[in-house]
Amino acid sequence: MKLQVDHQFPSPTHQDQWEKLKQFTDARIALGRVGCSIPTKAFLEFQLAHAQARDAVYQALDVTHLTEQLNKHNLEAVHVQSNAHDKEIYLKRPDLGRQLSNSSQQYLQQQYNKNQLNYDLCIVVGDGLSARAIETNAIPFILSLTQEITDQSWQLAPIIIATGSRVEPYRVCRRLFYLS
Amino acid sequence: MSYRMMINNHQNHFHDLKTLMAKATPQRSGDELAGIAAEDATERVAAQMALAELPLKVFLNEAVVDYEADEITRLIIDKHNLEAFSPISHYTVGDFRNWLLSEQATTETLRKLSSGLTSEMVAAVSKIIRNQDLIYVASKCEVITQFRNTIGLKGHLSTRLQPNHPTDDLLGISASILDGLMYGNGDAVIGINPATDNLHNLAELLKLLDHIIQEYKIPTQSCVLTHISSGIQLAEKNVPIDLMFQSIAGTQKANEGFGISLDLLQEGYEATLALKRGTLGNNVMYFETGQGSALSSNAHHGVDQQTLETRAYAIARKFKPLLVNTVVGFIGPEYLFNGKQIIRAGLEDHFCGKLLGLPMGCDICYTNHADADQNDMDVLLTLFGTAGLNFIMGIPGSDDVMLNYQTTSFHDALYLRQLLGLKPAPEFAAWLEQQGIFKQQNAQICWSDHMPDQFSRLLMN
């Protein structure tokens, strides 16, 4: 049997005449339509963006790699963990993400007892809701700060890498390091 | 007063009314986070059974948040209409469920009853009914409001066109507005969440919206969703404000966290009425709510989040709003963990709001860290279409690039209109047809071949 080219359905996709307005916003405007619905390409682009955002939420921070990178730049790092030990608990219990785990508290206390150093500044890197964002941005951000810190002759505490963290560990770390 | 229910020789004991209400609430992460949820599924049903036996009159004598300490409780109790309540005053919560589902509960009887209902009565009955009951009973209600058009008529679905931009760029916002109008969205309101709250910026946005609405004679209204104290200052300066916006919550303390009180809301309400910008009606307020807001500011008094949400509706009711929007999944998974919880909460909010006589809409939405996706939103959207929701959000491609969450798109509104034959506000439908954008006949949307000249002209430069 032969394909009847002149009997093929025409394209059902309507493009929007205002596509040039896309230059003014990142909003998903001028997607066009099939019937009243979103065309396949635009639909899958949205799915991809959401999939990437979901994966970023559940991605674990690569603490070893981050520590190595910091060490490479002569920066010491310590890893602490909150009481939210997995992602589901982390998402459901913001209160636990604000508390340092017992073992991390003890560890920080030991460090302080051993060194008895006073610091001017402590940087805490928390994984939060996107470990990917931290892995991309933490090192460049810290490096750009360290120059300033050196210029000011400030004593920088070891960088604290906090996993399962909400905002509060900063306060706990601050107390444990006795920042001056 | 404490409450008991015997299940298999085990006595379930509920210390007070708020404990009973919390334990009877369908499972959600926010009540678990607050430590007030039922311990297990059996305790939940035991609480529901005890709640079903509770006389409705109890809610007039026992408050979940102390009367002396909370102006929302005082509002609920002091404004209660005993005469409207009398036909159901002999009912238990369980009887009330039965009555709502019966043929006696009609659009008209429900309308007459609404001022006789308190937030807590409505919240209580919502806890012992299924999703289909939430949908069916709400579908009997009709709450109509007016400003420059008529919203909430049965068989209609309106949309808030939400053209947000991360830097409030006027061109970027205008591009999203044009996109939305060409897709027949924007009859509930064209409403911007501003990225920056300074008065100058807010005034610029309001002037832009006013210009667009005047220039194209669009039968709709505008809103810039800023704090009411800023709104009042803008109204005093005669900046064109159609609708006054404010987020509200179900306790005085939570509202103090928002920086508001009933007095401040009254001031905002009166300032907006004085501008006399409505042409068809005087519903000038736009409120947003959402389960979990009181817990997030640690102002929940041990009351479950759904009951507190319904208490916020008592505030809304006082100010005869044009729109009440429950932003159901925005608050995050620690309050509503997944699609199932978001769907249930959305249906509860709509049901409770409608019974109390409010023009309920819903921001059918989720954040990236919730266990939900667009498929869950499709389910809730479709259920809402059958339940008779007044309005939904319309956002380019579902993706809000300023607030970074996902909600319903312009296309989603058209899906629902086609599927169920729902129409925009009649004045707006007539405008769409007259402008040559599209014409809707029953469920059929008939598009014009070209973008109308008055709009395509804008693209020339």
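Note that this is a predicted model, so its numbers are computed, not measured.

Cut-offs and rules
Residues numbered from 1 in each chain as written. Chains lettered and ligands numbered in written order. Predicted model: local features only at pLDDT ≥ 70, side-chain atom pairs only at ≥ 80, totals over all residues. Heavy atoms only, no water. Buried < 20%, exposed > 50% of the residue type's maximum accessible area, 1.4 Å probe, protein only. Helix = DSSP H or I, 4+ residues; strand = E, 2+ residues; numbered from the N terminus. Pairing = 2+ DSSP bridges. Phe/Tyr/Trp six-rings, centres within 6.5 Å; stacked < 30°, edge-to-face > 60°. pLDDT = per-residue confidence, 0-100. Contact = heavy atoms within 4.5 Å. Salt bridge = Lys/Arg side-chain N within 4 Å of Asp/Glu carboxyl O. Polar contact = N/O pair within 3.5 Å; in protein donor to acceptor, adjacent residues only side chain to side chain. Nonpolar A, V, L, I, M, F, W, Y, C, P; charged D, E, K, R; others polar. Axes fitted to C-alpha atoms, helices over the stretch in contact; angles between N-to-C directions. Left-handed = near helix turned anticlockwise from the far one by under 90°. Core = buried A, V, L, I, M, F, W, Y, C linked by side-chain atoms within 4.5 Å.

Peer 1: I tried to follow the pairing of strand β15 (residues 438-441) of chain B on my own but got confused; where do I start?
Peer 2: Residue and element names in this part refer to chain B. Here β15 shows one buried face, formed by Phe438 and Gln440, and one open face, formed by Lys439 and Gln441. Bridge count between β15 and strand β16 (residues 444-447): 4 bridges; the pairing is antiparallel. Counterpart to Lys439 in the pairing with β16 is Cys446. Once β15 ends, the chain turns through 2 residues before running back antiparallel as β16, passing Asn442 with a positive phi of about 50°.

Peer 1: What should I look at first to understand the packing of aromatic side chains in this one?
Peer 2: The relative placement of two aromatic rings is captured by the distance of their centres and the angle of their planes. Residues and elements named next belong to chain B. Taken as a whole, this structure holds 10 aromatic pairs over all chains when the rule is applied. For the ring pair Tyr183 and Trp447, a centre distance of 5.7 Å and an interplane angle of 75° mean the geometry is edge-to-face. One end of the pair, Tyr183, is in the loop between α11 (170-182) and β6 (189-192); the other, Trp447, is in strand β16, and 264 residues separate them in sequence. Consider the rings of Tyr269 and Phe319, whose centres lie 5.6 Å apart with planes at 65°: the pair is edge-to-face.

Peer 1: It is not clear to me how the confidence of the model for chain B should be interpreted in this structure. Could you clarify?
Peer 2: Low pLDDT marks stretches whose predicted atomic positions should not be read closely. For chain B, per-residue confidence averages 97 on the pLDDT scale, and 100% of positions sit at 70 or higher. Reported for the predicted complex are a pTM of 0.94 and an ipTM of 0.94.

Peer 1: In this structure, what is going on with the interface of chain A and chain B? I would like to understand it.
Peer 2: In many analyses, interface size is given as the accessible surface area lost on bringing the parts together. Listed as interface residues are 32 residues of chain A and, on the opposing side, 39 residues of chain B. If you look at where chain A meets chain B, you find 2 salt bridges. The shortest N-O distance in the salt bridge between Arg54 of chain A and Asp371 of chain B comes to 3.6 Å. Run the count over chain A and chain B and you get 10 residue pairs in polar contact (both at pLDDT 80 or more). Put simply, the parts of the chain that give the side of chain A that touches chain B at least two residues each are α1 (40-58), α3 (87-92) and α4 (94-97) of chain A. Take the side of chain A that touches chain B: its biggest share by element is 5 residues, from α1 of chain A. Considering only residue class, the side of chain A that touches chain B consists of 15 nonpolar, 6 polar and 11 charged.

Peer 1: Looking at this structure, how should I read the side chain of Asp304 of chain B?
Peer 2: Residue and element names in this part refer to chain B. With respect to the helices and strands, Asp304 occurs in the loop between α16 (293-296) and α17 (305-318). Taking relative accessible area as the criterion, Asp304 reaches 0% and is therefore assigned buried. Here Lys127 takes part through its side chain, which lies 2.7 Å from a polar atom of the side chain of Asp304. Not counting residues within four places of it along the chain, the set of residues in contact with Asp304 comprises Met21, Ala22, Thr25, Asp31, Ile36 and Lys127.

Peer 1: Honestly, the packing of helix α10 (residues 131-140) of chain B against helix α18 (residues 339-355) of chain B in this entry has me stumped. Any pointers?
Peer 2: Packed helix pairs are characterised by how far apart their axes lie and by the angle those axes make with each other. All names here are of chain B. Contact geometry of α10 with α18 gives a least axis separation of 9 Å together with a crossing angle of 35°. Where α10 crosses over α18, the two elements pack in a sense that is left-handed. Residue-level contacts link Asn131, Asp133, Leu134, Ile135, Val137 and Ala138 of α10 to Ile343, Arg344, Leu347, Glu348, His350, Phe351 and Leu355 of α18. Residue composition of the contact of α10 with α18, grouped by class: 8 nonpolar, 2 polar and 3 charged.

Peer 1: Sorry if this is basic, but what is going on with the nonpolar core here?
Peer 2: In summary, soluble globular proteins display a tendency toward joint burial of nonpolar side chains. Ranked by size, the top nonpolar core spans 109 residues in total, and within it Phe59 and Phe351 of chain B carry the most contacts. Filtering out sequence-adjacent residues up to four positions away, Phe351 of chain B remains in contact with Leu100, Val122, Val125, Ser126, Ile129, Asp133, Leu134, Val137 and Ala138 of chain B.

Peer 1: What exactly am I supposed to notice about the sheet that holds strand β8 (residues 244-247) of chain B here?
Peer 2: In sheet architecture, strand pairing relies on hydrogen bonds along the backbone and comes in two forms, parallel and antiparallel. All names here are of chain B. One open sheet accounts for 8 strands, arranged β7-β6-β5-β12-β11-β10-β9-β8; its pairing is parallel. Only two strands of the sheet have a single partner each, and these edge strands are β7 (222-224) and β8. In this sheet, neighbouring strand axes are inclined to one another by 25° on average, regardless of whether the strands run parallel or antiparallel. As defined by bridge partners, strand β5 (residues 158-161) adjoins strand β12 (residues 391-394) across 4 bridges and the pair is classed as parallel. Its bridge partner lying in β12, Ser158 is registered against Phe391. Against the sheet, helix α12 (residues 199-215) touches β6 and β7, its axis set at about 165° to β7.

Peer 1: How do you make sense of the side chain of Thr159 of chain B when you look at a structure like this?
Peer 2: Residues and elements named next belong to chain B. Within the secondary structure, Thr159 sits in strand β5. Accessibility expressed as a relative area gives 0% for Thr159, which makes it buried. A distance of 2.8 Å separates a polar atom in the side chain of Thr159 from the backbone nitrogen of Gly186. Contact partners of Thr159, with chain neighbours within four places excluded, come to Gly184, Asn185, Gly186, Asp187, Ala188, Val189, Phe391, Ile392, Ala413 and Arg417.

Peer 1: Before we go on, may I ask you to explain the sheet that holds strand β5 (residues 159-163) of chain A in this structure?
Peer 2: Residues and elements named next belong to chain A. Reading across from one edge, β3-β5-β4 is the order of the 3 strands in this open sheet, with parallel pairing throughout. Edge positions in the open sheet fall to β3 (77-81) and β4 (124-126), since each of these has one partner strand only. Taking the axes of each pair of neighbouring strands and ignoring which way they run, one obtains an average angle of 25° across the sheet. Two elements, β3 and β5, share 5 bridges in a ladder whose sense is parallel. Within β5, the position partnered with Gln81 by the bridge is Thr163. Running over the sheet, helix α2 (residues 63-72) touches β3, β4 and β5 and is turned about 170° from β5.

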